[in-house]
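Here is what each chain is made of, one letter per residue.
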Amino acid sequence: MSDEERMRRWRMVLGSEADPETGTTLSAADRSVDAALSALYDAERGEPGTKRSAGLGSSAPRVARWLGDIRQYFPSSVVQVMQRDAVERLGITRMLMEPELLNAVEPDVHLVSTLLALNEVMPEETKQTAREVVRRVVAELEERLAERTRAAVTGALDRAGRTGRPRHSDIDWDRTIRANLKHFSPTLGTIVPDRLVGYARRNHSVQRDVVLAIDQSGSMAESVVYAGLFGAVLASMRALRTSLVVFDTSVVDLTDELDDPVDVLFGTQLGGGTDINRAVAYCEGLITRPGETVMVLVSDLYEGGVREELLRRARSLVESGVQLIALLALSDSGTPSYDAENAAALADLGVPTFACTPDLFPDLLAAAIRRDDIGSWAATNLGGD
């Protein structure tokens with residue numbers, strides 16, 4: 001890389017204040033990119049009501065032009081970061097309630113979280129546009145995660161029900177042939193199976209119950225989006241009975257909405273306090289087959305309810321045979337903030353407690369269905385605590 005190109009890059013990173021040091025003259029194209037960056041990153045965060053030295057101001061058309069500019073200059077992954085920074089740094093959240101701006105943004109999970117948080121105050125004329133933005137993100141996430149989830153869960157259920165003495169109608173011929181390839185008889189011209197592989201039962205009965213309890217406090221916004229999607233995917237599988245419960249200081253059962261993940265997400269209400277104990281108490285009432293139930297509590301564990309009761313209920317669930325897992329986050333956003341004392345207390349009760357990325361959640365659920373040691377799974381796959 002030439003010195004001139006190195007100085008140009010430093011100038012783009014540091015902004016106009018670095019002109020004397022870099023001695024760089026920007027091209028017309030670079031000036032346009034620099035203006036888009038300056039509108040966001042040269043703005044001074046002041047007290048409410050004070051003017052900024054730069055920024056997007058209060059003009060919706062100006063914001064719309066800026067959104068268009070950054071999509072022209074940067075890849076979508078960078079655009080998503082800049083949009084998120086604009087919401088946090090410049091306070092343009094309310095402008096996202098205007099349909100023309102929603103049509104200009106690059107949709108991603110963080111934008112969906114913002115729109116869900118604005119749902120209660122969003123004008124009616126904007127809600128339909130917001131739903132379309134959310135639906136686009138959900139469709140992208142489904143394409144990425146849904147098939148992997150179904151495959152992982154189906155494989156775990158198959159393995160849990162596999163037997164070495166199946167009835168003829170329950171023989172898994174593909175696995176039986178692969179398991180007996182070494183027993184091929186040249187004389188007979190066929191495989192003489194030494195053992196059969198099949199299923200203990202071949203029917204459409206519900207084999208596992210899955211209960212997802214999702215903390216919808218503001219800090220858990222990204223986790224709510226992913227959990228809602230996974231809930232809808234799991235609900236589409238007839239071998240599972242899936243329940244989805246969201247909570248803050250109140251509890252809402254969204255199980256009846258699971259046929260449409262967009263309805264699930266708009267049924268949440270991000271923000272507010274947290275009463276985890278109350279939510280776990282509700283979920284207890286949903287469990288009728290403890291030994292066949294996987295319950296996933298997604299929460300940062302900042303408890304506003306009765307901590308002692310929460311721990312008592314968790315102990316009771318574990319002792320009854322429920323496979324209880326506490327996820328501190330279900331997101332791609334790095335190490336989450338959480339209540340370390342409550343996390344340690346749950347872990348001491350035998351509740352695996354850690355954060356998980358969406359890409360690994362299908363494998364986690366499969367391990368839970370197989371009744372694997374989840375602590376060991378986390379240590380192997382996540383570098384668990």
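As a reminder, the structure under discussion sits directly above these lines.
Note that the structure is a prediction, hence the values are computed from the model and not measured.

The next point concerns the overall build of the chain. Each helix and strand counted, the chain has 16 helices and 10 strands in total. Across the 385 residues in the chain, those meeting the buried criterion constitute 47%. Of the contacts formed within the chain by residues at least 6 apart in sequence, a portion of 73% connects residues at least 24 apart. Accessible surface computed for the chain: about 19,100 Å², of which carbon and sulfur atoms make up 48%.

Here we come to helix α12 (residues 276-286). Of the positions making up α12, those classed as buried are Ile276, Asn277, Ala279, Val280 and Cys283. Buried residues along α12 cover an arc of 160° about the axis, so they all sit on one side. Where α12 is buried, its residues contact β5 (208-215), β6 (240-247), β7 (251-253), β8 (293-298) and α13 (307-320).

Per the counting criterion, the structure on display carries 18 salt bridges. One salt bridge connects Glu292 with Arg208, and the closest N-O pair in it is separated by 2.8 Å. Pair noted here: Glu292 is in the loop between α12 and β8 and Arg208 is in strand β5, with a separation of 84 residues, a long-range link. Here Glu292 falls in the partly exposed class, since its relative accessible area comes to 30%. Among the residues examined, Arg208 registers a relative accessible area of 11% and is labelled buried. One salt bridge connects Arg313 with Glu284, and the closest N-O pair in it is separated by 2.7 Å. Highlighted residues: Arg313 in helix α13 and Glu284 in helix α12, separated in sequence by 29 residues. The class of Arg313 is buried, set by a relative accessible area of 16%. Put simply, Arg144, Arg148, Asp332, Asp359 and Asp363 are held in one network by salt bridges that share partners.

Attention now moves to the packing of aromatic side chains. One pass over the structure, following the stated rule, counts three aromatic pairs. Between Tyr73 and Phe74, the aromatic rings sit 6.4 Å apart at their centres with planes inclined by 90°, giving edge-to-face as the arrangement. Accessibility expressed as a relative area gives 28% for Tyr73, which makes it partly exposed. A residue is classified by how much of its surface remains accessible, and Phe74, at 17% relative accessible area, is buried. Seen in terms of ring centroids, Phe230 and Phe361 are 4.7 Å apart; in terms of plane orientation they differ by 45°. Their pairing is tilted.

Another aspect to go through is the packing of helix α7 (residues 109-117) against helix α10 (residues 221-235). Look at α7 against α10: their axes get within 9 Å of each other, and the N-to-C directions meet at 100°. Classified by the angle between their axes, α7 and α10 sit roughly perpendicular to one another. Residues Val109, His110, Val112, Ser113 and Leu116 of α7 touch α10, and the partners they reach there are Ala221, Glu222, Val225 and Tyr226. Taken together, the residues of the contact of α7 with α10 sort by class into six nonpolar, two polar and one charged.

This part is about the sheet that holds β8. With mixed pairing, the six strands of this open sheet are ordered in space as β7-β6-β5-β8-β9-β10. The sheet terminates laterally at β7 and β10 (353-356), the two strands that pair on one side only. Taken pair by pair, the neighbouring strands of this sheet meet at an average axis angle of 25°, ignoring direction. Pairing of strand β9 (residues 323-330) with β10 involves three bridges; the strand directions are parallel. Paired with Leu330 across the bridge in β10 is Cys356. Contacts from α12 reach β5, β6, β7 and β8, with the element oriented near 155° to β6.

In total, this model carries two cavities of 30 Å³ or more according to the counting rule given. By volume, the largest cavity is sized at about 40 Å³. Lining the largest cavity are Val280, Met295, Leu297, Leu310, Ala314, Leu317, Leu324 and Leu346. Contributions of two or more residues to the lining of the largest cavity are made by β8 and α13. Tallying contributions element by element places α13 first for the lining of the largest cavity, with three residues. Partitioned by chemical class, the residues of the lining of the largest cavity number eight nonpolar, no polar and no charged. If you add up the space inside the second largest cavity, you get close to 30 Å³. Forming the boundary of the second largest cavity are Ile214, Val224, Ala227, Gly228, Leu244, Val246, Val264, Leu265 and Thr268. Mapped by element, the contributors of at least two residues to the lining of the second largest cavity are α10, β6 and α11 (261-266). Top contributing element to the lining of the second largest cavity by residue count: α10, with three residues. Residue composition of the lining of the second largest cavity, by class: seven nonpolar, two polar and no charged.

Scoring rules and cut-offs
Residues numbered from 1 in each chain as written. Predicted model: local features only at pLDDT ≥ 70, side-chain atom pairs only at ≥ 80, totals over all residues. Heavy atoms only, no water. Helix = DSSP H or I, 4+ residues; strand = E, 2+ residues; numbered from the N terminus. Buried < 20%, exposed > 50% of the residue type's maximum accessible area, 1.4 Å probe, protein only. Contact = heavy atoms within 4.5 Å. Areas by Shrake-Rupley, 256 points an atom, 1.4 Å probe, with all protein chains shown as cover. Arc of directions from axis to C-beta. Salt bridge = Lys/Arg side-chain N within 4 Å of Asp/Glu carboxyl O. Phe/Tyr/Trp six-rings, centres within 6.5 Å; stacked < 30°, edge-to-face > 60°. Axes fitted to C-alpha atoms, helices over the stretch in contact; angles between N-to-C directions. Parallel < 35°, antiparallel > 145°, perpendicular 65-115°, else oblique. Nonpolar A, V, L, I, M, F, W, Y, C, P; charged D, E, K, R; others polar. Pairing = 2+ DSSP bridges. 1 Å grid on protein atoms, 1.4 Å probe; cavity = no way out; pocket = protein on both sides within 12 Å on 5 of 7 lines; lining within 4 Å. Points joined across faces, edges and corners; volume = space filled by probe spheres on them.

Everything listed is a geometric property; what it means functionally is a separate question.
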